[in-house]
Amino acid sequence: METNMTIQEQPLRDEGRKAPFIKEEDVYKEIGVERVPFSTVLSFEPLICILEEKARSEDAAESALAGMVMEKLKETPALRRPITDNSVLNQHKAVVDLLMMMVIPGALRRTHLAKVSAPFDMNSIYCTPSLGELMKARKVKYVINNSNDILYCAMVVNACSLILNHFYGQNINVDPPITLSIQPEGHSLERHYKTQLDIQYVDIKKRRPLKPLSKEQINGLLSNIYDIDLWLQHIPPENFEFQGFVIGTLIDITEEEALSRLKYSLLERDAVVNPEKVKKLEHLVRTNFGLPELRLGVTAIDYPVENSLAHKYKIRFDFLSKRHECLLSPENRNSIYEKACRYKEVLLIEDLEEASQKTPIEKDLLEEGIRSIIVAPLFNKDEQVIGLLEIGSPHPYELHSFIELKFKEITGLFSMAVERSREEIDNQVEAILREQYTAVHPSVEWKFIETSYNLLEKREQGPGNATADPIVFHDVYPLYGQADIVGSSVQRNDAIQADLTENLNRVSRILKSGAELGRFPLLKQYLMHAKRDIQGLQKEFNSNDESRIVEWLHSEIHPLFHQLRNTYPSLAGPVSSYFENLDPELGIVYRKRKAYEDSVALINNTIAGYLEEQEKAAQKALPHYFEKYKTDGVEYDLYVGQSLLQRGQFSMAHLRNLRLGQLIDMCEVARIVHNMQSRLPVPLTTAQLIFVYSNPLSIRFRMDEKQFDVDGAYNVRYEILKKRIDKALIEGTAERLTQAGKVAIVYLQEKERQEYLEYIDYLIDEGYVTGEVEDLRIGKLQGVQGLQALRITVQLPG
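These numbers come from a predicted model, not from an experiment.

Reading the values: the criteria
- Residues numbered from 1 in each chain as written.
- Predicted model: local features only at pLDDT ≥ 70, side-chain atom pairs only at ≥ 80, totals over all residues.
- Heavy atoms only, no water.
- Helix = DSSP H or I, 4+ residues; strand = E, 2+ residues; numbered from the N terminus.
- Buried < 20%, exposed > 50% of the residue type's maximum accessible area, 1.4 Å probe, protein only.
- Contact = heavy atoms within 4.5 Å.
- Pairing = 2+ DSSP bridges.
- Axes fitted to C-alpha atoms, helices over the stretch in contact; angles between N-to-C directions.
- Lys, Arg positive; Asp, Glu negative; His and termini not counted.
- Salt bridge = Lys/Arg side-chain N within 4 Å of Asp/Glu carboxyl O.
- Phe/Tyr/Trp six-rings, centres within 6.5 Å; stacked < 30°, edge-to-face > 60°.
- Core = buried A, V, L, I, M, F, W, Y, C linked by side-chain atoms within 4.5 Å.
- Patch = residues over 30% accessible without salt bridge, like charges linked within 9 Å, V, L, I, M, F, W, Y side chains within 5 Å.
- Areas by Shrake-Rupley, 256 points an atom, 1.4 Å probe, with all protein chains shown as cover.
- Charge placed at Lys NZ, Arg CZ, Asp CG, Glu CD.
- Disulfide = S-S within 2.5 Å.
- Polar contact = N/O pair within 3.5 Å; in protein donor to acceptor, adjacent residues only side chain to side chain.
- Parallel < 35°, antiparallel > 145°, perpendicular 65-115°, else oblique.
- Left-handed = near helix turned anticlockwise from the far one by under 90°.
- Nonpolar A, V, L, I, M, F, W, Y, C, P; charged D, E, K, R; others polar.
- pLDDT = per-residue confidence, 0-100.

Q: Looking at this structure, how should I read the overall build of the protein chain?
A: If you tally the helices and strands in the protein chain, you get 23 helices and 25 strands. Evaluated residue by residue, the protein chain yields a buried proportion of 47% over its 798 residues. Counting only contacts in the protein chain whose residues sit at least 6 apart along the sequence, the fraction spanning at least 24 positions is 70%.

Q: For this particular structure, what's the right way to read the sheet that holds strand 14 (residues 347-349)?
A: One key point about sheets: their strands pair by backbone hydrogen bonds, in either a parallel or an antiparallel sense. Reading across from one edge, 13-16-15-14 is the order of the four strands in this open sheet, with antiparallel pairing throughout. At either end of the open sheet lies a strand with only one pairing partner, and these are strand 13 (295-303) and strand 14. With strand direction ignored, the average angle separating the axes of adjacent strands in the sheet is 15°. In the sheet, strand 15 (residues 372-379) pairs with strand 16 (residues 385-393) via eight bridges, with the strands oriented antiparallel. Paired with Val375 across the bridge in strand 16 is Glu390. On the sheet, helix 12 (residues 336-343) packs against strand 13, strand 14, strand 15 and strand 16 and is oriented at approximately 40° with respect to strand 15.

Q: Help me out: how do you make sense of the side chain of Asp484 in this one?
A: With respect to the helices and strands, Asp484 occurs in strand 17 (residues 472-485). The side chain of Asp484 sits in the buried core without any salt bridge; Arg736 is the nearest counter-charge, 4.6 Å away. With residues up to four places along the chain from it excluded, the contact list for Asp484 reads Asp632, Gly633, Thr685, Thr686 and Ala687.

Q: In this structure, what is going on with the environment of Met122? I would like to understand it.
A: Looking at where Met122 falls in the secondary structure, it is placed in the loop between strand 5 (113-117) and strand 6 (124-127). What makes Met122 partly exposed here is its relative accessible area of 23%. When the C-alpha atoms of Met122 and Arg35 are compared, they prove to be 9.6 Å apart, with 87 residues separating the residues in sequence.

Q: I would appreciate a short explanation of the packing of aromatic side chains in the present structure.
A: For any pair of aromatic rings, geometry is given as the distance between the ring centres together with the angle between the planes. Counting across every chain of the model gives 19 aromatic pairs. A ring pair is formed by Trp446 and Phe473, whose centres lie 6.4 Å apart and whose planes are at 65°; its orientation type is edge-to-face. Taken together, the residues Trp446 in helix 15 (residues 445-461) and Phe473 in strand 17 connect sequence positions 27 residues apart. Within the aromatic cluster, the residues linked to one another by ring pairs are Trp446, Phe473, Tyr625, Tyr639, Phe701 and Phe708.

Q: It is not clear to me how the nonpolar core should be interpreted in this structure. Could you clarify?
A: Generally speaking, a soluble globular protein has its nonpolar side chains buried in company with each other. Of all hydrophobic cores here, the largest spans 46 residues; its most connected members are Val640, Leu663 and Val743. For this core, the secondary structure elements donating two or more residues are strand 17, helix 20 (592-621), strand 19 (633-640), helix 21 (652-675), strand 20 (686-692), strand 23 (742-747), helix 23 (750-766) and strand 25 (788-794). At ten residues, the largest contribution of residues to this core is made by helix 21. Those residues in contact with Val743 that lie beyond four places of it in its chain are Leu663, Met666, Cys667, Gln688, Ile690, Leu790, Arg791, Ile792 and Val794. With 33 residues, the next largest nonpolar core counts Tyr625, Ile730, Ala744 and Ile778 among its residues.

Q: Is there a simple way to think about a negative patch on the surface in this case?
A: Taken together, the side chains of Glu758, Asp761, Asp765 and Glu766 define an acidic patch exposed on the protein surface. Looking at the element boundaries, Glu766 is found in helix 23.

Q: Can you walk me through the pattern of salt bridges in this structure?
A: Pairing between side chains of opposite charge can happen when their charged atoms approach one another. Throughout the structure, instances matching the rule amount to 48 salt bridges. The salt bridge involving Arg80 is made with Glu52; its shortest N-O contact spans 2.9 Å. Of this pair, Arg80 sits in the loop between helix 3 (60-74) and helix 4 (87-91) while Glu52 sits in helix 2 (residues 45-55), and the two are 28 residues apart along the sequence. Overall, Glu52 belongs to the partly exposed group, its relative accessible area being 27%. By sharing partners, the salt bridges in this structure join Arg323, Asp364, Glu367 and Glu368 into a single network.

Q: Would you explain the sheet that holds strand 10 (residues 202-206) in this entry?
A: Across the sheet, which stays open at both edges, the three strands sit in the order 4-11-10 with mixed pairing between neighbours. Two strands lie at the open edges of the sheet, namely strand 4 (39-42) and strand 10, each paired on one side alone. The sheet shows a mean angle of 25° between the axes of neighbouring strands, direction not considered. In the sheet, strand 10 pairs with strand 11 (residues 240-244) via five bridges, with the strands oriented antiparallel.

Q: I would appreciate a short explanation of unusual backbone geometry in the present structure.
A: Glycine aside, the phi torsion of most residues is negative, and most peptide linkages are trans. In this model, Tyr303 is joined to Pro304 through a cis peptide bond whose omega is -5°. Within the fold, Pro304 resides in the loop between strand 13 and helix 12. Not every positive phi belongs to a glycine, and Asn334 is a case in point at roughly 70°. Tracing the chain through its elements places Asn334 in the loop between strand 13 and helix 12. For Asn334, a relative accessible area of 37% translates into the label partly exposed. The residue Lys344 is not glycine, and still its phi comes out positive at about 55°.

Q: Could you clarify how one ought to interpret the state of the cysteines in this entry?
A: Covalent bonding between the sulfur atoms of two cysteines defines a disulfide. A full pass over the atoms with the stated rule returns zero disulfides. Between Cys341, a cysteine without a disulfide, and Cys326, which holds the nearest cysteine sulfur, the sulfur-to-sulfur distance is 9.8 Å.

Q: Looking at this model, I keep getting lost on the side chain of Asn604. Mind explaining?
A: Turning to its location among the elements, Asn604 is positioned in helix 20. Engagement of the side chain of Asn604 in a polar contact is seen with the backbone oxygen of Thr631, the distance being 2.9 Å. Ignoring anything within four residues of it in the chain, the contact list for Asn604 reads Ile485, Lys630, Thr631, Asp632, Gly633 and Val634.

Q: In this structure, what is going on with the packing of helix 18 (residues 543-567) against helix 19 (residues 569-580)? I would like to understand it.
A: Helix packing for two helices is described by the angle between their axes and how far apart those axes are. Viewed as axis vectors pointing N to C, helix 18 and helix 19 meet at an angle of 140°, and their least axial separation amounts to 7 Å. With respect to their mutual orientation, helix 18 and helix 19 come out oblique. In this structure, helix 18 meets helix 19 at a crossing whose hand is left-handed. Contacts between helix 18 and helix 19 involve Leu553, His558, Phe561, His562, Leu564, Arg565 and Thr567 from the first element and Pro569, Leu571, Ala572, Val575, Ser576, Tyr578 and Phe579 from the second. For the contact of helix 18 with helix 19, the per-class residue count stands at nine nonpolar, four polar and one charged.

Q: Quick question: what am I supposed to make of a nonpolar patch on the surface here?
A: On the surface, a cluster of nonpolar side chains totalling about 300 Å² of accessible area is made up of Ile150, Ile225 and Tyr226. Along the chain, Tyr226 turns up in the loop between helix 8 (215-222) and helix 9 (228-234). In this structure Tyr226 comes out as exposed when scored by relative accessible area, which is 60%.

Q: Would you mind going over the packing of helix 16 (residues 488-515) against helix 19 with me for this structure?
A: Where helix 16 contacts helix 19, the axes come no closer than 11 Å and their chain directions differ by 170°. Taken together, the axes of helix 16 and helix 19 lie roughly antiparallel to each other. Counted together, Asn503, Arg506, Val507, Ile510, Ser513 and Gly514 of helix 16 and Leu571, Pro574, Val575 and Tyr578 of helix 19 form the full contact between these two elements. By residue class, the composition of the contact of helix 16 with helix 19 is six nonpolar, three polar and one charged.

Q: I'm lost on the confidence of the model for the protein chain in this one. Help?
A: One rule of thumb: low pLDDT means the predicted coordinates there are not for detailed reading. Chain-level statistics for the protein chain give a pLDDT mean of 86 and a share of 90% at 70 or above. For residues 1-32, every residue scores under 50 in pLDDT, and the model assigns this stretch 100 contacts once sequence neighbours within four places are set aside.

Q: When you look at the pairing of strand 5 in this model, what are you seeing that I'm missing?
A: Most of strand 5 sits out of view: four of its five residues are buried. As judged from the three bridges shared by strand 5 and strand 6, these two strands associate in the antiparallel manner. Paired with Ser117 across the bridge in strand 6 is Ser124. Between strand 5 and strand 6, which pair antiparallel and follow one another directly, the connecting turn spans six residues, one of which, Phe120, has a positive phi of 55°.

Given below as structure tokens:
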């Protein structure tokens, strides 16, 4: 709770001078705390009783002093009665001062922050000069660590507990910890205090007979300290009156409080990543050291630099973050940062101006206004350097060895915060990698976790080179499908051929113009070379032509063109125009091929997106392994079986459901590509293929390749068949099995044919395909014969 209060001047008992204090009614109004419902009366009688005993003491000094005060009190009987009118205090000021001297010795008044008031009364009757000085500012920001309700609750329970101790034989230690932060106007740093109440001069009077309380009732109160209604029900306020006074003292805990808040702040998420939270940390460090101009810097760093990861940690709040991309770059060797990492020690420079052999780091620190600096390396659990912490001051020698000792106390806190943030960022990066690039599919992640846990147990049970168990799934059924772009190789070659031809024609025109400007026979030789290449491309094209021509353009023609542009002004325009027509990254004409590759990418991404959406729905029916690849089209593998399930039961109905779903998906892919034609830079179509394999097999995760492969020599036959069928021809013909707008279903067994004919019958009824079903035999492939296929035509929109 933060409250801004206006301090007003009121006559207070402060050795005859006026001192500022906060009016009681103003305090209650400002901080929103209700008054304690008990009757309280100011009285010096508890103190006077103690003085009477001291006057009879055997200690001569104590007896003499107490006796003198008692003699004065004989002259002021009004001070021995409950005081309800503050004018009594002003009338007997000298005697009141003597009484205050007995509870707050004069030697302590200049340093102690103390005030005297009636019990549970915020209106003080006396405060020490040091407290008066603190409160002289017209505007002071007070921050109390308790909410209004908790503060009121603490005051009521405190009063009730004193009654339980006094009348019911309890021994309850009640002193609710209340901390107060005070920041006078014009000060950038606050001071923190905790309150301490001295209640030895408080007496409690019964107004009515005591209400009996059982042990169970008292225990019930102690178990419900926030239930104020319950407390006041058992201890009615109208039955008691508090007489006497309390002494409230503020104890400065600024360093302890700032350090505590710093620890708490560093536990927050993104404590050293969020810029606003780092500014908060800087303020707490300033308060802890009592230096309002202190600057704080923290950065994640790896030393040696070879340990650095490819990604950054987003923790870059050092003083030179805007000047140096890497604080430990070679030119910064022997800087204060590099030495702190190398020696793994906290380093202090009292005045950078006087430092000898300044590196660029020290020079830039001075330009940043840093004159005095302390730098500490931050370590992880393995004692590796993971960051740097620094504090700096614009004043030379403001940071010294005593500050360095305090600074070392907080480096461990920042080490933990930086390590935690680095780990969180590492985990985020890993999550992205798992999502985008790795082969660990969510459906089998449980197996990897299980295997990792087993490996951890092995390492804990004994030393040695513990290895992870192989990850193998037995008796799984494969489903393979692909949507291949028809004629992709021919269309790619045609696009490359067209771009190279255009490139060479542009080169030829410039060479011809250059040859006419003077005696430059080399240009004519290059012109002949270009014309021959153009003729060769028109006759026949192979992959070697592309690499050879591109190499010739980059190594010989382009350097020559730069020279011609500088030598012949008339060629400057044509040469510049030539380079403007080249792709900025490839350095060649790249139009036809780019249009083709953009079309392929659009088709691949669209098909992949559709399959991923269908895959999400299929995973809900039964978890299974799925992996897709993008080439000139999209192909994918799907494996399903009991061993892939962490829980649940697999049945052949699941396999049939996935097979029918796959067939529907292939029909939808053909429709999607057909509908995309108007959006493609180069019109392309796809041919769909499904391979049916009913024998269960095993798949194993290959650690070297980070992916699953079919396991075992017998099961490799499946992979061989899968790789060869997409180029298959119909037996006795030159016709490719896969055709645009159609779905080919390759199978091995008659029962598979019958199963898929049932699926096709359903697709015909639903309007996915036409009624034409081709029953085909596949021509002999290398090492493969006897394959058969069904081929259906997808019903495309008109």
